[in-house]
Amino acid sequence: MALSVLIEFDDPRKYPPLLRLSNGVQRPDIRRVMGRAIAGALRRYFTKLDRERPNQLGGTRTHFWGQVRRSVQQPELVGGDGVKVAINHVGIAQRYFGGDIEASPGKKLTIPVNPEAYGHRAREFTDLHPIWFEDGSGVLVRDHTESPGDIGEVFYRLVKRVHQDGDETVLPPEDGKDGLEAIALNAGEEHLQTLVARAA
Amino acid sequence: MKFPRPLPFRQAVTAAQARTLLPTNMRTAEFAQLVADGHAAVLERARFSAGVRSVQHLDVIDSGINDLVAGVTDLATQRLAVKNFLRGTGYMAPESERGTLTDLASDVRINLQLSVGVQQAQGYGWWKQGQQADILDAFPAQEFLRVEDRMVPRQDWPQRWNAARSATVTDGATDSSSGRMVALKNHPIWVALSRFGTPYEPFDYNSGMGVEDVARKDAMNLGLLGRDTQIFPQDRPFNEDLQATVDVRADRLRQLLQETGLGRFDRQGVFIYTREGGN
């Protein structure tokens, strides 16, 4: 599911001087620029994650964070002082908020545990078969032709549900001197300086 | 404040859905020749894949791309959908080709088909949004840089950049020897740099290269424009009175263009792209 980031610039004490004097945050043209700065900052942050967080199983990379980067959209203006940026990727909300994922009735979740399985649906493989345990869980394995009688090579765990912890670090911070709010305010201030200089 | 909410990437969705299915037995080299001959705009409006002649196959790929752009599915699920379709047709590549790019059922081939389509739609969406007048005024330039690592990255991008700059206009674009590859957003270097003849990502297959905005102050410091230089928004409307001069070097390519159904040649030999169902 997609994720939206909403930032409301409702504290004039944080504004740079020109934005504060002119109440420029209320101007749609300035806020469009601030919103684009937020979107650009998000894209750069996801480029950084793509470099720093390859999948832990190894195997062929899917560049999840590269996909997320490309799904960042142009922000919407919200109310008189807000901007909302949507990140339109199916997996980002789960990464941020975490939570439990439960299989549909009668089915199991397939959790990859083999580098070759990462980034693949289990049904893409035509040579796996299940081994079930007493507790109802199981594994999907590929037979070892070299070692008949061996359990085989485990590709997926089969479980009813899985819990994923949320991770706020999948988004850059909003606050602080390098946060999204500061980046947006600096971009708005810089653009307003240009407009004022032209009008002078 | 963060909240989960599905929101369509409007411009990207439009770009993905506007494409006409183009079954063809053309190969990648012939598509590249069409781009070199100045017909990128025709291909920009088509959904095609080298050697894919089945409309149904293209439709499965097209649906997958549309759903990926809409953010409602993932690559693995759509790859499985394509594989299931091909299994249903009994398709099997010759043994010597299995697992390669020419094997329509291989991971590498399907991933490429889906990812390029999605990237083109999203790249267009980001480009289009960046053409809004206020945004273009504040961010009149963009930088070409690596956005995804590759095990074996291409090393010739600086040379390709300089060649595109020399072939178009040197003003408004840095020389790559400066350490940065930056140009005004509507500079012709972007089309010249792109394998696909388009001014937005991706610029080549699996390149890992992309673009990010450069603010006016930064662009001024690079000598690309002045404080008061106005950059005019561009548009690349889909299915809108597109014409292409027929400098198609091979009769075969001309015939293929004719057979696409994307348009027709007029008496002067100009290829007129037509609206679906229109004149």
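Keep in mind that this is a model prediction, so the values were computed, not measured.

About the criteria used
- Residues numbered from 1 in each chain as written.
- Chains lettered and ligands numbered in written order.
- Predicted model: local features only at pLDDT ≥ 70, side-chain atom pairs only at ≥ 80, totals over all residues.
- Heavy atoms only, no water.
- Helix = DSSP H or I, 4+ residues; strand = E, 2+ residues; numbered from the N terminus.
- Rg over C-alpha atoms; globule rule 2.2 N^0.38 Å.
- Buried < 20%, exposed > 50% of the residue type's maximum accessible area, 1.4 Å probe, protein only.
- Contact = heavy atoms within 4.5 Å.
- Areas by Shrake-Rupley, 256 points an atom, 1.4 Å probe, with all protein chains shown as cover.
- Lys, Arg positive; Asp, Glu negative; His and termini not counted.
- Charge placed at Lys NZ, Arg CZ, Asp CG, Glu CD.
- Domains from an automatic or database assignment.
- Buried area = accessible area lost by both parts, 1.4 Å probe.
- Salt bridge = Lys/Arg side-chain N within 4 Å of Asp/Glu carboxyl O.
- Polar contact = N/O pair within 3.5 Å; in protein donor to acceptor, adjacent residues only side chain to side chain.

**Q** How should the overall build of chain A be read in this particular structure?
**A** Assigned secondary structure in chain A consists of five helices and nine strands. If you list the helices and strands of chain A from N to C, you get β-α-α-α-β-β-α-β-β-β-β-β-β-α. Compactness check: chain A gives a C-alpha radius of gyration of 24 Å against a globular reference of 16 Å for 200 residues, more than 25% above the reference. When its C-alpha atoms are laid out on the principal axes, chain A stretches across 85 × 30 × 25 Å. Expressed as a percentage of the 200 residues in chain A, the buried residues total 48%. Of all intrachain contacts in chain A linking residues separated by at least 6 positions in sequence, the fraction that spans at least 24 positions is 68%. Total accessible area computed for chain A in this model is approximately 10,000 Å², and 51% of it derives from carbon and sulfur atoms. Counting 27 positive and 28 negative side-chain charges, chain A places the averaged centre of each group 7 Å from the other.

**Q** What am I meant to see in the domain arrangement of chain B here?
**A** In many reports, interface size means the accessible area that the parts give up when they come together. All names here are of chain B. Domain boundaries in chain B define domain 1 (10-125) and domain 2 (133-221). Averaged C-alpha coordinates put domain 1 and domain 2 at centres separated by 25 Å. Contacts between the two partners involve 11 residues from domain 1, matched on the other side by nine residues from domain 2. Of the roughly 950 Å² buried where domain 1 meets domain 2, counting both sides, 66% is carbon and sulfur surface. Here domain 1 is connected to domain 2 by zero salt bridges. Run the count over domain 1 and domain 2 and you get zero residue pairs in polar contact (both at pLDDT 80 or more). When contributions to the side of domain 1 that touches domain 2 are tallied by element, the ones reaching two or more residues are α2 (28-36), α3 (40-44) and α6 (107-130).

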